[in-house]
Amino acid sequence: MTRMTQNGISTTQRGQEQYETFYSAHRGKRISRVMYDYRTEGGELFSSVSPTLAECRNRRDEWLKSRR
């Protein structure tokens with residue numbers, strides 16, 4: 001169970017980021033992924049699943065740039 005959601009709704013507050021690592025199987029191998037949420041001060045939610053936290057943050061930064 002994830003700490004990032006409650007009843008399927010993100011618990012990320014405005015101006016906050018949350019992330020957690022989970023594991024899944026692909027072709028018999030266990031691979032790690034990072035689930036990432038970021039909510040802007042305006043209340044918009046960005047979510048991503050990537051292999052690393054750095055990649056999630058890069059995607060968030062690109063998303064923020066594209067909104068300007």
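Caption draft 1: Region of the structure containing the pairing of strand β4 (residues 29-39). Bridging between strand β3 (residues 17-26) and β4 involves 10 bridges; their strand directions are antiparallel. Across the sheet, the residue bridging to Ser24 is Ile31, located in β4. In sequence, β3 turns back onto β4 through a hairpin of two residues, with Arg27 there showing a positive phi of about 55°. Taken together, the six bridges between β4 and strand β5 (residues 45-50) define a ladder with antiparallel strand orientation. In the sheet register, Asp37 faces β5, and the bridge partner there is Ser47. Hairpin connection, β4 to β5: the antiparallel pair is bridged by five residues, and Gly43 has positive phi, about 100°.

Caption draft 2: A look at the sheet that holds β5. Pairing is antiparallel in the open sheet, where three strands are placed in the order β3-β4-β5. Single-partner strands in this sheet number two, and they are β3 and β5. Neighbouring strand axes in the sheet, compared pairwise and without regard to direction, differ in orientation by 20° on average.

Caption draft 3: Region of interest: the nonpolar core. By size, the foremost hydrophobic cluster in this structure holds eight residues: Val34, Tyr36, Tyr38, Phe46, Leu53, Cys56, Trp63 and Leu64. Only β4 and α1 (53-66) provide two or more residues apiece to this core. Sequence-distant contacts of Tyr36, that is, excluding residues within four places in its chain, are made with Met4, Glu17, Gln18, Tyr19, Phe46, Ser47, Ser48, Leu53, Cys56, Arg57 and Arg60.

Caption draft 4: Spotlight on the environment of Thr40. With respect to the helices, strands and loops of the structure, Thr40 is situated in the loop between β4 and β5. On the basis of relative accessible area, Thr40 is assigned to the buried category, the value being 7%. Residues Thr40 and Gly15, 25 residues apart in the sequence, show an inter-C-alpha distance of 5.0 Å. Residues within four places of Thr40 in sequence aside, it is in contact with Arg14, Gly15, Trp63, Leu64 and Arg67.

Caption draft 5: Quick look at the packing of aromatic side chains. Counted by the stated rule, this structure contains two aromatic pairs. Between Tyr36 and Phe46 the ring centres are 6.4 Å apart and the planes differ by 65°, which places this aromatic pair in the edge-to-face class. Remark: Phe46 occurs in strand β5 and Tyr36 occurs in strand β4; sequence separation between them is 10 residues. In terms of burial, Tyr36 and Phe46 fall into one category: buried.

Procedures and definitions
- Residues numbered from 1 in each chain as written.
- Predicted model: local features only at pLDDT ≥ 70, side-chain atom pairs only at ≥ 80, totals over all residues.
- Heavy atoms only, no water.
- Pairing = 2+ DSSP bridges.
- Helix = DSSP H or I, 4+ residues; strand = E, 2+ residues; numbered from the N terminus.
- Axes fitted to C-alpha atoms, helices over the stretch in contact; angles between N-to-C directions.
- Core = buried A, V, L, I, M, F, W, Y, C linked by side-chain atoms within 4.5 Å.
- Buried < 20%, exposed > 50% of the residue type's maximum accessible area, 1.4 Å probe, protein only.
- Contact = heavy atoms within 4.5 Å.
- Phe/Tyr/Trp six-rings, centres within 6.5 Å; stacked < 30°, edge-to-face > 60°.

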